[in-house]
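# Structural features, examined
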Amino acid sequence: LFEGAAAASHSAIPFGAAVSDGPLQTDAAYQKALIEHCQLLVGEGGMKWADLRPSPSQYVYDQPDRLIAFAEANGMKMRGHTLAWYAAMPDWALQLKGETETSRELMTHIETVVGRYKGRIPSWDVVNEALSDDGPRVGLRDSVWSANLGEYYIDLAFHTARAADPAAQLVINDYGLEAATAKSSARRRAMLDLLRRLRDRDVPVQALGFQAHLPGNEEIDKDEVSRFVSDVKDMGLDVLVTELDVIDDQLPADIKERDAIAAKRVGALLGAILDVTRPTAVVTWGITDRYTWVPIWYKRADGQANRPLPLDEDYREKPMMRTIKQAV
Ligand code: XIL
């Protein structure tokens, strides 16, 4: 056992990270860091439609099976990500037409995948990024699911997941819910409205996931986030943090300064949640700055490497990690 593992296992709130399949197979230091710091893991990819379903009849389980084996061998739990999303879709699935075909494929997929891992994946991101992101009026995001089924795709996904694994925590997951901006405020409102409609239709949602890809240059609206969390709790739902990182493309070049701001954002979010309730998990979208999706979308103009995650490129703990450990 690594030294950190014992301490970490006493954590009240499970902390975990998204895992990248490539380095999991090749980088022993990466494996060691995951074992040392994490109580739960989620695949950064591997369980997305494009990865699992290259063709309608083919399910490719290599990546998720590898990750689950690693998690179970090291006493870690799993989350599943994700069953219905607009992105990472294989071409064939983007061609689905009509209510019958679309609902049949969505149901078959969820039954098959959730069923296969029943009892081994206690928490699923059932619907990811349901809200649109095209202006001040936040509605239902365009996708093959919403185009063919309307908002009802959400109901169908949750009912199907519930039937496939009655014990799993079923999560609706989204981003842009944290900041002190008009946009974030509109998204919080839209999410509450959606959750209310789902509750009124008896859709079995258990929890709201804050992706929490936090824009470093935006303050967290602590009061509004707390109020939002308490509204969500009042509906009988739990909350968790599913994809935490700090998007630092706009932050100062100075590393100390940058890391301090990143830790402050994370502290503000976790504090806003903890003031109301205990999240059922805190999960970062990666563990080390060495492997992160952030530069794909948010590369810094000055050419410096992004620093979005709790460990630096050499697996040293950053201020963000200390902030997280204090919170959990
Ligand atoms: C990202 C992965 O991190 C990348 O490796 C991949 O190329 C694209 O997807 N919100 C989500 C995640 O829900 O699935 C995304 O993951 C990041 C944004």
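Conventions we followed
Residues numbered from 1 in each chain as written. Predicted model: local features only at pLDDT ≥ 70, side-chain atom pairs only at ≥ 80, totals over all residues. Heavy atoms only, no water. Near = heavy atom within 4 Å. Polar contact = N/O pair within 3.5 Å; in protein donor to acceptor, adjacent residues only side chain to side chain. Areas by Shrake-Rupley, 256 points an atom, 1.4 Å probe, with all protein chains shown as cover. Nonpolar A, V, L, I, M, F, W, Y, C, P; charged D, E, K, R; others polar. Helix = DSSP H or I, 4+ residues; strand = E, 2+ residues; numbered from the N terminus. Buried < 20%, exposed > 50% of the residue type's maximum accessible area, 1.4 Å probe, protein only. Phe/Tyr/Trp six-rings, centres within 6.5 Å; stacked < 30°, edge-to-face > 60°. Lys NZ or Arg CZ within 6 Å of the ring centre and 35° of its normal. Pairing = 2+ DSSP bridges. Right-handed = clockwise from strand over helix to strand, strands pointing away.

## A few points about the site of the ligand
- Looking at the ligand, the residues that line it are Glu44, Lys48, His81, Trp85, Asn128, Glu129, Gln211, His213, Glu243, Trp285 and Trp293.
- In the environment of the ligand, an oxygen atom lies 2.5 Å from a nitrogen or oxygen atom belonging to the side chain of Glu44.
- The side chain of Gln211 places a nitrogen or oxygen atom 3.2 Å from an oxygen atom of the ligand.
- About the coverage of the ligand: the protein hides 73% of its 410 Å² of free accessible area.
- Tallied by class, residues from the shell around the ligand come to three nonpolar, four polar and four charged.

## Examining the side chain of Arg53
- Topologically, Arg53 is positioned in the loop between α4 (49–52) and α5 (62–73).
- You can call Arg53 buried: its relative accessible area is 1%.
- At 3.0 Å, the side chain of Arg53 forms a polar contact with the side chain of His109.

## Focus: the packing of aromatic side chains
- Per the counting criterion, the structure on display carries ten aromatic pairs.
- Plain terms: the ring middles of Trp49 and Trp145 are 5.0 Å apart, the flat faces sit at 55° to each other, and that makes the pair tilted. Of this pair, Trp49 sits in helix α4 while Trp145 sits in helix α8 (residues 144–149), placing them 96 residues apart in sequence.
- What makes Trp145 buried here is its relative accessible area of 0%.
- A connected cluster of aromatic rings, assembled from ring pairs, spans Trp49, Trp92 and Trp145.
- Over the ring of Tyr61 we find Arg116, and its NZ or CZ is 3.8 Å from the ring centre.
- Across from the ring centre of Tyr175, 4.3 Å away, lies the NZ or CZ of Arg187, which sits over that ring.

## As for the pairing of strand β5 (residues 169–174)
- The element β5 is extensively covered by neighbouring structure, given that six of its six residues are classed as buried.
- Of the two faces of β5, the one holding Gln169, Val171 and Asn173 and the one holding Leu170, Ile172 and Asp174 are both buried throughout.
- Of the pairings in the sheet, the one linking strand β4 (residues 123–128) to β5 comprises five bridges and is parallel in character. Looking at β5, one finds that Ser123 is bridged to Gln169.
- Sheet topology places β5 next to strand β6 (residues 207–210); four bridges connect them, and they run parallel. Each residue of the ladder has a partner; that of Val171, found in β6, is Ala207.
- Crossover β5 to β6 through helix α10 (residues 182–200) is right-handed.

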